[in-house]
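A closer look at the structure
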Amino acid sequence: MTATVAVDSEGLVARRKKTVYDWKFVLLVVGSAAFVGVLWYILAAARVLDRLILPTPAAVWQAGRETWDNVLTQVGTTLLELVVALLIAWVGGLAIALTLVSTKALRPLLGTLRSIYAVPHVIIYPLMTLWFGFGTESKVIFGAFVGMIFMALMSASALMAVDQSMVRLFRSVGASRTLTIRKGILPGCLPGIFAGIRLSASITYICVVLGEMLASTGGIGYYITNAAALFITPQIYVGVITVLTLIGGLHVLITIVERSLLRHNGVNP
Amino acid sequence: MNSERSGQAAVGPARVAQGAQVSASATGPASDGSATTLGAQAPSNRKGEIELRDVSVWYRKSATSEMVHAVSDVNIRIQPGRFVSLVGPSGCGKTSLMMVLAGLVPLTSGSATIGGEPVTGPRPRSTGIVFQDPSLLPWRTALDNVALPLEVAKVNKKERTERARQVLDLVGLSRNWQSYPNELSGGMRQRVALARGLVTNPDVLLMDEPFAALDEQSRDEMGAELLRVWERLNTTVVFITHSLSEAIFLSDEVIALTGSAPGRAGDHIEIPFSRPRDLSLMARPDFAEIRGRLYAALRPAAQVPGGGAGADGARPS
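Residues numbered from 1 in each chain as written. Chains lettered and ligands numbered in written order. Predicted model: local features only at pLDDT ≥ 70, side-chain atom pairs only at ≥ 80, totals over all residues.

Focus on the overall build of chain A
The helix and strand inventory of chain A stands at 10 helices and 2 strands. Counting from the amino terminus, chain A carries its helices and strands in the arrangement β-β-α-α-α-α-α-α-α-α-α-α. For chain A, the residues scored as buried account for 30% of the 269 residues in total. Counting contacts in chain A only where the partners sit at least 6 residues apart, residues at least 24 apart contribute 71% of the total. (Helix = DSSP H or I, 4+ residues; strand = E, 2+ residues; numbered from the N terminus. Buried ≥ 20, exposed ≤ 12 C-beta atoms within 10 Å, placed from the backbone. Contact = placed C-beta atoms within 7 Å.)

Some thoughts on the pairing of strand β4 (residues 109-114) of chain B
Two elements, strand β1 (residues 50-60) of chain B and β4(B), share 5 bridges in a ladder whose sense is antiparallel. For B:Glu51, the partnering residue across the bridge sits in β4(B) and is B:Thr113. (Pairing = 2+ DSSP bridges.)

Observations concerning the interface of chain B and chain A
With 22 residues of chain B at the contact, the number on the chain A side is 18 residues. Among the elements that line the side of chain B that touches chain A, the one with the most residues is helix α4 (residues 148-152) of chain B, at 3 residues. Looking at side-chain class alone, the side of chain B that touches chain A contains 15 nonpolar, 5 polar and 2 charged residues. (Nonpolar A, V, L, I, M, F, W, Y, C, P; charged D, E, K, R; others polar.)

Let's talk about the environment of B:Phe273
Here B:Phe273 is to be found in the loop between β10 (263-270) and α9 (285-297). We classify B:Phe273 as buried; it has 20 C-beta atoms within 10 Å.

Some words on the nonpolar core
Ranked by size, the top nonpolar core spans 87 residues in total, and within it B:Leu101, B:Val146, B:Leu168, B:Ala195, B:Val238 and B:Leu294 carry the most contacts. Residues in contact with B:Ala195, not counting those within four places in the same chain, are B:Val146, B:Val167, B:Leu168, B:Val171 and B:Leu173. In terms of nonpolar packing, the next biggest core, distinct from the first, is built from 49 residues, A:Ala63, A:Trp90, A:Ile181 and A:Ala201 among them. (Core = buried A, V, L, I, M, F, W, Y, C linked by C-beta atoms within 7 Å.)

So, in structure tokens, the structure goes:
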């Protein structure tokens, strides 16, 4: 988790060994989680709030152990919905961005996408359930739709900001348009595309869990809503912690891939 | 760099005339007897010869869609294997001319040929280009950046790696081939760009103010380094610069471009100093005298002692 610098004998080259996360960043995350945990324990122990509203960490742990099988099943459902929705959002969003940016006549559609994105997403979810039912499909399509628009907008911004001197370089060495996109523009846009991947992952995840909470038959959102309806507070906390853990894990995965592909950047996330 | 070099001949008006004859006889750079395999073959008669005839360039500004007359009726002829600089004020069309030769900007009228063949588009096999900005791909190592033109030309990996290593070695970066651009200094990045321009062993190397972003000392050292590399090759170099001293130090011939939108080709000044050259050349009085003539040539209305007035219009070399 450390970064080291080596300077060659001419003193001109500094090579930084990249790691997935800087140890200071890890310490900050672990420290923040520990701080929240301790604060929670103190507030619960001091009964600042009713135990029904703020149960102790031990009670939540107990609730988690008791419903472990159910939690795992719901996490499996959510993960399945999330993975399918994300793949559609990422691939579809990038394809839309490439098409709109490379075809001048279609570029005004980016404005239309921005307008669609400005609409509160949740209002279309009832339609999704009407069209696709209460099962997995409506969550996948809802998450993929919103995530794809966001991914398309972010990728289009990255593609339009591409360094024109790089395009000129590829022209000067006789590269075709396809080769220029594949070997120049796409790798050059990767930092921007990864920003889109990261943020659309969060938005897709929100939509999937929201969909499960509003109307569904399974998933971690359903688990939370069910616990809330029955007023089993510790299970609500189990659900919330599980949701946070999943999104944290997803971001770590994205960071690992990003760092391995963008080794030249030398910037820690 | 290369400070041990010596042997500059005394130069006077007689030497200037001799220099002009050399220019006309299509002689390449002086050989130091240590030519590498890179570009070792002698150029054929017209290989590397550049000719611009009655060239005018108009282009449309992308921001305002306004039409700009960049250069007008330019006639330039450069013999194979020569090092020729184009100097002139901003807006005189230096870069437009280079873009025409690179096949990246179409001619509005006139003709441009390299090696007797009309330039109708990029010719990466025979024309190398070094831009003002090194334009290195940050996600590629120095080696992979240099090998890019060969990769586009579908040369197999082993061959292009070997060739790229050779050229990196030639420009003095044999130890940095695995470095990414953000790990290299400005001068080193420009060397990588130079290596990329040379990797296809081109007949012509076009350089658009390649050292403009460097500090003065690095710029002089890079100039000397460029000469060291060029003296091992048979490449015709067209070098664009704002710096008169740089142009004189590097070149066999300097062409002054005058005017602005459109620019026109003015005086052609032969640089008579023998090669190899070293940086101490810049301190000599005859260097200063040529610099004075060149400076006067860039002022269209000025009377130029011994060098003719800044010509209105073109004058083929």
